[in-house]
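# Descriptive analysis of the structure
Residue strings, one per chain:
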Amino acid sequence: RTRILYPHDGPVPRSILVTSAAPGEGKSFICANLAISLAQGVDNYCLLVDCDMRRPTQHMLFGLPNNAGLSDYLQHKKRLSELLVPSGVEKLSILQAGPRSINPAELLSSASMISLVDEISKRYDDRIVLLDSPPLHAASETAVLAQHVDGVVLVVRYGASRREYVKALADTIGREKILGVVFNAYKATMLDYKVFGYYEYQQEYYGNRDR
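In what follows, the accompanying structure is described. None of these values were measured; they are calculated from a predicted model. (Residues numbered from 1 in each chain as written. Predicted model: local features only at pLDDT ≥ 70, side-chain atom pairs only at ≥ 80, totals over all residues. Heavy atoms only, no water.)

So, on to the overall build of the chain. A tally of helices and strands in the chain yields 9 helices and 7 strands. Taken over 211 residues, the chain has a buried fraction of 45%. Expressed as a percentage of contacts within the chain between residues at least 6 apart in sequence, the contacts between residues at least 24 apart total 81%. For the chain, the exposed surface amounts to about 11,900 Å²; the carbon and sulfur share of it is 52%. (Helix = DSSP H or I, 4+ residues; strand = E, 2+ residues; numbered from the N terminus. Buried < 20%, exposed > 50% of the residue type's maximum accessible area, 1.4 Å probe, protein only. Contact = heavy atoms within 4.5 Å. Areas by Shrake-Rupley, 256 points an atom, 1.4 Å probe, with all protein chains shown as cover.)

For the rest of this paragraph, the subject is the pattern of salt bridges. This structure, assessed with the given rule, holds 7 salt bridges. Here Lys 27 ties to Asp 132 by a salt bridge, and the two come within 2.7 Å at their closest N and O atoms. In this pair, Lys 27 sits in helix H2 (residues 27–39) while Asp 132 sits in strand E5 (residues 127–132), placing the two residues 105 residues apart along the sequence. A relative accessible area of 6% places Lys 27 in the buried class. Since its relative accessible area comes to 0%, Asp 132 is described here as buried. For Arg 123, the salt bridge is made with Glu 119, and the minimal N-O distance between the two is 2.0 Å. Taking the relative accessible area as the measure of exposure, Arg 123 reaches 42% and is therefore partly exposed. A residue is classified by how much of its surface remains accessible, and Glu 119, at 30% relative accessible area, is partly exposed. (Salt bridge = Lys/Arg side-chain N within 4 Å of Asp/Glu carboxyl O.)

Summed over the entire model, instances satisfying the criterion amount to 1 aromatic pair. Ring plane angle 85° and centroid distance 6.0 Å describe the contact between Tyr 158 and Phe 183, whose orientation is recorded as edge-to-face. One end of the pair, Tyr 158, is in the loop between strand E6 (151–157) and helix H8 (163–173); the other, Phe 183, is in strand E7 (residues 178–184), with 25 residues separating them in the sequence. Of the residues examined, Tyr 158 reaches a relative accessible area of 35% and is grouped as partly exposed. If you follow Lys 91 out to its NZ or CZ, it ends over the ring of Tyr 45, 5.6 Å from the centre. (Phe/Tyr/Trp six-rings, centres within 6.5 Å; stacked < 30°, edge-to-face > 60°. Lys NZ or Arg CZ within 6 Å of the ring centre and 35° of its normal.)

Another point: the side chain of Thr 19. Mapping Thr 19 onto the fold places it in strand E1 (residues 15–20). Residue class for Thr 19 comes out buried when judged on its relative accessible area of 0%. Among the polar contacts made by the side chain of Thr 19, one reaches the side chain of Ser 133 at a distance of 3.3 Å. Leaving out residues up to four positions away in the same chain, Thr 19 has contacts with Lys 27, Ser 133, Pro 134, Pro 135, Leu 136, Thr 142, Val 152, Val 153, Leu 154, Val 155, Leu 169 and Ile 173. (Polar contact = N/O pair within 3.5 Å; in protein donor to acceptor, adjacent residues only side chain to side chain.)

In summary, the side chains of a regular strand alternate between the two faces of the sheet. Two strands pair when backbone bridges link them, and E6 and E7 are joined in this way by 6 bridges, in the parallel orientation. Paired with Val 155 across the two strands is Val 182, which belongs to E7. Note on the crossover from E6 through H8 to E7: the handedness is right-handed. (Pairing = 2+ DSSP bridges. Right-handed = clockwise from strand over helix to strand, strands pointing away.)

Formed by 31 residues in total, the largest nonpolar core has its most connected members in Val 49, Cys 51, Leu 70, Met 113 and Leu 116. The set of elements that each furnish at least two residues to this core consists of strand E2 (45–50), helix H4 (70–76), helix H5 (104–108), helix H6 (111–122), E5, helix H7 (141–146), E6 and H8. Among the elements that line this core, the one with the most residues is H6, at 5 residues. Of all hydrophobic cores here, the second largest spans 21 residues; its members include Ile 4, Ile 30, Ile 94 and Val 155. (Core = buried A, V, L, I, M, F, W, Y, C linked by side-chain atoms within 4.5 Å.)

Printed below as a string of structure tokens:
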């Protein structure tokens, strides 16, 4: 969150795509937690859009029924205001994926989708939009969406992501677009505990002082 809200140079990104190279790397879980973290900031509101229309997940993570959402906006031209739902977290709204469509690639690559991303990211100065997109290796439309957001967060799962897939993902999106990489599900070894044990002790020490 800090790296997003306080970039080294340039403005704060208002639209961020969260993706991975392949399925099963935890990008939807990371995206949901990042959305909560951003919404808990003093000055920011967050809108989370579930663009993974093949395998929608956000409604399950937040315990919501996936009755309507992005597919209704793109296919049936429903009003956006009718589709946004509260997440249960203050200052965080969700646009769910909605009922499954037979042509998600065409919908996510459409002019209506690009226009939506532009509209929701520029309408309010204090809103950050997160897009939970399909894995690039499984859905080509992710590359299209990546060109219309301010930045991209890559999720790489320890022991799961193939090196060539991650490199292809970075090359396709463009390295200048990548805000950062989340290295997910890392398994620490005894050597890690020995090397980084001091920092764990330090964290516990400061935690105890705050009680």
